[in-house]
Amino acid sequence: MSSIAARLQAVGLALPSPMGAAANYVPNVTTKTADGWLVHTAGQGPYRDGKLHHLGCVGQEIDLAQACDSARLVTLNVLTQAQAAVRAVLGENALDRARCLRLGIFVYCVADFTQFDAVADAASDLMLTALGDAGPHARSVAGVPALPLRTSFEIDGIFLFR
């Protein structure tokens, strides 16, 4: 078991199977650099077992606790996509060699929603739990009037694998 899997298991979580692209894009793009493998994940949604969860607008159909759950679920999917991008090159425990560089977080929310720090911290905190010292990252978060399929969250990530 990888150290990432063990950290997640310690908090009752596990990485899901990677989802394919839902439209005309690829789920991740990998570039070889002098420092390792740079991976950009496409925006991930709140999928679990192939089904969408947490559909609706934060501050309307989705409360703060559900929004934080959605952020954590989406973060697991981002980690899964990052690992899938380099698994063939780096092996099954590729995430043990990952550093999260940045998360881009989009929240489908009502116009007067202001608790972005709380919901974005749910994603960032899980990244720190999973990756330990390699988890601190830059991030941006934005409230948007809609997301595809009425999902409450979308997160994309940039990772460096050494």
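Okay, so let's go over this structure. Quick caveat, the model's predicted, so the values are computed rather than measured.

### Quick look at the overall build of the protein
In terms of helices and strands, the protein carries 3 helices and 7 strands. Counted from the first residue to the last, the protein has its helices and strands arranged as α-β-β-β-β-α-β-α-β-β. Rg of the C-alpha trace for the protein: 15 Å, near the compact-globule value of 15 Å for 162 residues, within the 12% margin. For the protein, the spread of C-alpha atoms along the three principal axes comes to 45 × 35 × 30 Å. Distance from the positive charge centre (12 side chains) to the negative charge centre (14 side chains) of the protein: 7 Å.

### Some thoughts on helix H2 (residues 64-90)
For H2, spanning 27 residues, the distance from its first C-alpha to its last is 37 Å, which sits close to the expected 39 Å at 1.5 Å a residue. Remark: the principal bend of H2, roughly 35°, maps to alanine 84. The backbone nitrogen of alanine 65 lies 3.2 Å from a side-chain oxygen of the residue at the head of H2, namely aspartate 63. Positive backbone phi, at 95°, marks glycine 91, one or two positions downstream of H2.

### A short note on the pattern of salt bridges
Evaluation of the coordinates by the stated rule reveals 5 salt bridges. Across the salt bridge formed by arginine 72 and aspartate 69, the nearest N and O atoms sit 2.7 Å from each other. In this pair, arginine 72 and aspartate 69 both sit in helix H2, 3 residues apart, roughly one turn of the helix. Judged by its relative accessible area of 38%, aspartate 69 is partly exposed. Ionic pairing is found between aspartate 121 and arginine 139, a salt bridge with its closest N-O pair at 3.0 Å. Residue aspartate 121 is located in helix H3 (residues 116-131), and its partner arginine 139 is located in strand E6 (residues 138-144); the two are separated by 18 residues in the primary sequence.

### Re the packing of H2 against H3
For any two helices packed against each other, one specifies the crossing angle of their axes together with the interaxial distance. One way to put it is that H2 packs onto H3 with a least axis distance of 8 Å and a crossing angle of 40°. Compared by their axis directions, H2 and H3 come out oblique. Seen along the crossing, H2 lies across H3 with a hand that is right-handed. Packed against H2, whose contacting residues are Leu64, Ala67, Cys68, Ala71, Arg72, Thr75, Leu76 and Leu79, the element H3 presents Ala118, Val119, Ala122, Ala123, Leu126, Met127, Ala130 and Leu131 at the interface.

### Brief notes about the pairing of strand E1 (residues 28-33)
Pairing analysis gives 6 bridges linking E1 to strand E2 (residues 36-41), with the strands arranged antiparallel. Each residue of the ladder has a partner; that of threonine 30, found in E2, is valine 39. Hairpin geometry of E1 and E2 is characterised by an intervening segment of 2 residues between the two adjacent antiparallel strands.

So, how was this worked out
- Residues numbered from 1 in each chain as written.
- Predicted model: local features only at pLDDT ≥ 70, side-chain atom pairs only at ≥ 80, totals over all residues.
- Heavy atoms only, no water.
- Helix = DSSP H or I, 4+ residues; strand = E, 2+ residues; numbered from the N terminus.
- Rg over C-alpha atoms; globule rule 2.2 N^0.38 Å.
- Lys, Arg positive; Asp, Glu negative; His and termini not counted.
- Charge placed at Lys NZ, Arg CZ, Asp CG, Glu CD.
- Expected span 1.5 Å × (residues − 1).
- Bend = angle between axes of the 7 residues up to and from the residue.
- Polar contact = N/O pair within 3.5 Å; in protein donor to acceptor, adjacent residues only side chain to side chain.
- Salt bridge = Lys/Arg side-chain N within 4 Å of Asp/Glu carboxyl O.
- Buried < 20%, exposed > 50% of the residue type's maximum accessible area, 1.4 Å probe, protein only.
- Axes fitted to C-alpha atoms, helices over the stretch in contact; angles between N-to-C directions.
- Parallel < 35°, antiparallel > 145°, perpendicular 65-115°, else oblique.
- Left-handed = near helix turned anticlockwise from the far one by under 90°.
- Contact = heavy atoms within 4.5 Å.
- Pairing = 2+ DSSP bridges.

These figures capture arrangement, not role.
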